[in-house]
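# Results of the structural survey
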Amino acid sequence: MPKNINQPGALKTGAPQIPYQPRQPGELQPEDVVAAQEIPGFVGARVFITLQKKTESKYLRKPNQDNILVHPTTGLVAVMDGVGGSVNGELASRVTERELPDRFAAAESEAKRMSAAELIEGLTEIPAERCAQRSDLAAKKQELKKTAEEIVAKDVDLGRKAYAILKAMQDTNVMVAATRGATTACAGLIHETANGEKFAIIANVGDSGAFIRRKNGKIERATPEDSVEEALKEVKAEINGMGIVDYLHQHSDPITGKIPDSLPIPIPVTQDNVLAIGYSLVDFWTFESKGEKTIYTTYEAMKRTLTVVLGGRTPSPRLRVVKVEAGDEILFCTDGIIDKYDNEAKQELDLEELSKDLSVGNDPVERLDNLRVIAHQKTTYKDNDDVAMVLVAVE
């Protein structure tokens, strides 16, 4: 049984509100648990956290790479997951936790001196960096500009905070890169406009993400993941004349829907496909000059390889601004939770099951802790991973 730093037990009722003091997230040892608890001090929302360190690998002792940020002064919350393939994933994750609040405060101060037009430009250009050399760049920038204009039109301060969270993650990337490590990150906050409307501002890179659970129990994914698979879907890559979803379905087990990790994926060499995978335009020219027509990978590599992370060469985060109401909840979590709800047969997440598991319990503390336990017990294609969750209940 996992040992719980704060209290014994698993599924429980009336979990006490214990100050988050015992250990910093990065210091968790194998099987340690930080029980779900409320972090006080946030305006317009109640914020709850929980963490769990996976069982130690019998082959390699790995430090905890999941971390959380809960910062009432700025209103920022975030989850981070150091990239396992980088030598300093744990350090990259912790640097992000440390740097984001100050970078956000500086960017918000900068945004207060910007005109509406400058804000719109920033909200367009930062997310567009990730597709700078793609053939659909012009169309993508038009789409991003329209979204930016809608955000600023709703409330200028909403636009300022949206810009600040993007800029903060971009600026934090410099510090993360200095660690020679890499990390995913999903950060957000709640903003209330002058007329009383509330919006969730969410930015992410990598495969940590956010989900919005409405007060009626319906849940939606707020952030896509930055995997090779999702990047190829975004550029509408075709494999043997089929879209990726159809290709994978054709090669899945007809009974279980499982797709073999070793399934070869022949990706045609096109500029957009090469850039989507994470290569550069120089690499594309190299493929072209050698007459190569196909890049071969496997299903496992396509699904698990990240194309955008903090510490990488293209740090530009995605932005989502969503209207929320009292009673709605936003779940920020690392892939240790997300992967447990991946339905390979349907090629999508089972959001209904996630919503059901998040509803087990009588209050947010109990429900969040129970979700951690339930998810930990699920068996999936991937070994148990570190878990970090922040639940924001809108008031």
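Model, not experiment: these values are computed from the prediction.

A few words now on the pairing of strand S3 (residues 45–52). For S3, the tally of buried residues reaches 7 of 8 residues, placing the bulk of the element in the interior. As defined by bridge partners, strand S2 (residues 32–39) adjoins S3 across 5 bridges and the pair is classed as antiparallel. Bridge assignment links Val33 to a residue of S3, and that residue is Gln52. As consecutive antiparallel partners, S2 and S3 are separated by 5 residues, and within that stretch Gly41 has a phi angle of approximately 105 degrees, a positive value. Two strands pair when backbone bridges link them, and S3 and strand S18 (residues 387–394) are joined in this way by 8 bridges, in the antiparallel orientation. Among the inter-strand pairings, Arg46 is bridged to a residue of S18, identified as Ala393.

The antiparallel open sheet is built from 5 strands, whose spatial order is S4-S5-S6-S7-S14. Each edge of the open sheet carries a strand with a single partner, namely strand S4 (66–71) and strand S14 (318–324). Going across the sheet, the axis of each strand differs from the next one's by a mean of 15 degrees, ignoring polarity. Pairing of strand S5 (residues 76–82) with strand S6 (residues 183–192) involves 6 bridges; the strand directions are antiparallel. Bridging across to S6, Ala78 finds its partner in Ala187. Of the strands in this sheet, S5, S6, strand S7 (198–205) and S14 touch helix H4 (residues 156–178), which is tilted by about 20 degrees from S7.

Let us now look at the packing of helix H1 (residues 89–111) against H4. Their axes nearest at 7 Å, the elements H1 and H4 cross at an angle of 135 degrees. With respect to H4, the element H1 is oriented oblique. Between H1 and H4 lies a crossing of right-handed hand. Listed contacts from H4 to Ala92, Val95, Thr96, Arg98, Glu99, Leu100, Arg103, Phe104, Ala107, Glu108, Glu110 and Ala111 of H1 are Arg160, Lys161, Tyr163, Ala164, Ile165, Lys167, Ala168, Met169, Asp171, Thr172, Met175 and Val176. Here the residues of the contact of H1 with H4 sort into 13 nonpolar, 2 polar and 9 charged.

Criteria and thresholds
Throughout this description, residue numbers start from 1 for each chain and increase along the sequence as written. In keeping with the model being predicted, local features are shown solely for residues with a pLDDT of at least 70 and side-chain atom pairs are shown and tallied solely at 80 or more, while totals for entire chains, interfaces and linings include all residues. Excluding hydrogens and water, the side-chain figures rest on all heavy atoms present in the structure. The cut-offs for exposure are 20% and 50% of the maximum accessible area for each residue type, with area from a 1.4 Å probe on protein chains only; residues under the lower value are buried, those over the upper are exposed, and the others partly exposed. Secondary structure is summarised from DSSP: a helix means a run of H or I of at least four residues, a strand means a run of E of at least two, and numbering begins at the N terminus for each. Two strands qualify as a pair provided DSSP detects at least 2 bridges between them. Orientation is described by axes fitted as lines to C-alpha atoms, over the contacting stretch for helices, and by angles from 0 to 180 degrees between their N-to-C directions. We call two residues in contact whenever any of their non-hydrogen atoms come within 4.5 Å of each other. Here roughly perpendicular refers to angles of 65 to 115 degrees, roughly parallel to angles under 35, roughly antiparallel to angles over 145, and oblique to all remaining angles. Here is the rule for handedness: rotate from the far helix to the near one, and if that takes an anticlockwise turn smaller than a right angle the crossing is left-handed, while a clockwise turn gives right-handed. Ten residue types, Ala, Val, Leu, Ile, Met, Phe, Trp, Tyr, Cys and Pro, are classed as nonpolar, four, Asp, Glu, Lys and Arg, as charged, and the remainder, Gly among them, as polar.

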